[in-house]
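Understanding the architecture of this molecule
Listed below are the residues making up each chain.
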Amino acid sequence: MPLQAQAQQERVWRCGNEYTNNATVAQQRGCKVMEGGNLTIVQGTRPVASAAPSAAAAPGAAARSPAGSPRVEGVDQRARDGEARSVLEAELRKAQERQTQLLREYNNGEPEKQGSESKNYQKYLDRVSDMKAELARNEADIAGLQREIGRLPSVNR
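The model shown is predicted, which means the values in this text are computed figures rather than measured ones. (Residues numbered from 1 in each chain as written. Predicted model: local features only at pLDDT ≥ 70, side-chain atom pairs only at ≥ 80, totals over all residues. Heavy atoms only, no water.)

1. Some thoughts on the packing of helix H2 (residues 74–106) against helix H3 (residues 121–151)
In helix packing, the relevant descriptors are the interaxial angle and the interaxial distance, both defined with respect to the helix axes. What counts is decided by this rule: Convention adopted: a line fitted to C-alpha atoms gives each axis, helices being fitted over their contacting stretch, and angles between N-to-C directions are expressed from 0 to 180 degrees. In DSSP terms, a helix is any run of H or I states spanning at least four residues, a strand is any run of E spanning at least two, and both are numbered starting from the N terminus. Relative orientations are named as follows: roughly parallel for angles under 35 degrees, roughly antiparallel for angles over 145 degrees, roughly perpendicular for angles from 65 to 115 degrees, and oblique for any other angle. By convention the crossing between two helices is left-handed if the near helix lies anticlockwise of the far one by an angle smaller than a right angle, and right-handed if it lies clockwise.
Running from N to C, H2 and H3 cross one another at 155°; their axes reach a closest spacing of 9 Å. One finds that H2 runs roughly antiparallel with respect to H3. Between H2 and H3 lies a crossing whose hand is left-handed.

Laid out in structure tokens, this is it:
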């Protein structure tokens, strides 16, 4: 059995930016009847007052964690930061080694020809172009890793 939409039988009044289907409220407030066409009203959400103090009231508040996040002790946070630094530094070393290898293979834009590339020059040009793009991606990865390492707090040893 197919579902059928029911037409709205009661009147709806517009009171500025508000709508009501209560005739007495509409008469008290001097609202206008909405006629013709369909009317869809979606209840909005009301903003919740922030419980956090303003940045002007507490200058150190901007550096704090959001409300409800678990509190991490300084020692634990330093350990996490140290672990993150060592992971990022290991990734950076791998990316730098890969960059050195790619540069060696790229040979200043003239890598060694392989197999059928001596007969098909376009294949060689495509490989050189791919190598150049891979070098650029790897260089961007290195720069990103260095930025992330720079964002970590300095190591106090």
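2. Observations regarding the pattern of salt bridges
Definition in use: The salt bridge criterion pairs a side-chain nitrogen of Lys or Arg with a carboxyl oxygen of Asp or Glu, the two atoms within 4 Å. Buried, partly exposed and exposed residues are distinguished by accessible area as a fraction of the type maximum, computed with a 1.4 Å probe on protein chains only: under 20%, between the cut-offs, and over 50%, respectively.
Taken as a whole and assessed by the stated rule, the structure comprises five salt bridges. For Lys 94, the salt bridge identified is with Glu 91, shortest N-O distance 3.6 Å. Taken together, the residues Lys 94 and Glu 91, both in helix H2 and three residues apart, mark about one turn of the helix. Look at Lys 94 and you get exposed, because its relative accessible area is 52%. Of the residues examined, Glu 91 reaches a relative accessible area of 36% and is grouped as partly exposed. In this structure, the salt-bridge partner of Arg 151 is Glu 148, at a minimum N-O distance of 2.5 Å. Within this pair, Arg 151 and its partner Glu 148 are both found in helix H3, separated by three residues, close to a single helical turn.

3. Some points on the pairing of strand S1 (residues 12–15)
Heads up, the condition is: Note on pairing: DSSP must find at least two bridges between two strands before they are called paired.
Of the pairings in the sheet, the one linking S1 to strand S3 (residues 32–34) comprises three bridges and is antiparallel in character. Within S3, the residue paired with Trp 13 across the bridge is Val 33. In this structure, S1 lies alongside strand S2 (residues 18–20), joined through three bridges in antiparallel fashion. Paired with Trp 13 across the two strands is Thr 20, which belongs to S2. Between S1 and the antiparallel strand that follows it, S2, lie two residues; Gly 16 among them carries a positive phi value of about 70°.

4. Examining the confidence of the model for the protein
Segments scoring low in pLDDT should not have their predicted coordinates read at a detailed level. As a reminder of what qualifies: The predictor reports its confidence for every residue as pLDDT, a score running from 0 up to 100. Any pair of residues with heavy atoms lying within 4.5 Å of one another is described as a contacting pair.
When pLDDT is averaged along the protein, the result is 81, and 76% of the positions lie at 70 or above. Long-range and interchain partners of residues 54–62, a stretch whose pLDDT sits below 50, account for one contact in this model, where long-range means more than four residues apart.

5. Some thoughts on the sheet that holds S3
The three strands are arranged S2-S1-S3 in an open sheet whose pairing can be described as antiparallel. Pairing within the sheet leaves two strands with one partner each, and these edge strands are S2 and S3. Taking the axes of each pair of neighbouring strands and ignoring which way they run, one obtains an average angle of 40° across the sheet.

6. Quick word on the packing of aromatic side chains
Applicable threshold: Pairing of aromatic rings covers Phe, Tyr and the six-membered ring of Trp, with a centre-to-centre limit of 6.5 Å; geometry is then stacked below 30 degrees between planes, edge-to-face above 60, and tilted otherwise. For a ring to carry a charge above it, either NZ of a lysine or CZ of an arginine must fall within 6 Å of the ring centroid while also lying within 35 degrees of the normal to the ring plane.
Enumeration according to the criterion identifies one aromatic pair in this entry. The aromatic ring of Tyr 124 is capped on one face by Lys 113, whose charged end is 5.3 Å from the ring centroid.

7. Concerning the environment of Asn 21
Structurally, Asn 21 can be placed in the loop between S2 and helix H1 (23–29). Given a relative accessible area of 46%, Asn 21 falls into the partly exposed group. As a C-alpha pair, Asn 21 and Arg 11 span ten residues in sequence and 6.0 Å in three-dimensional space. In contact with Asn 21, other than residues within four places in its own chain, are Glu 10, Arg 11 and Trp 13.

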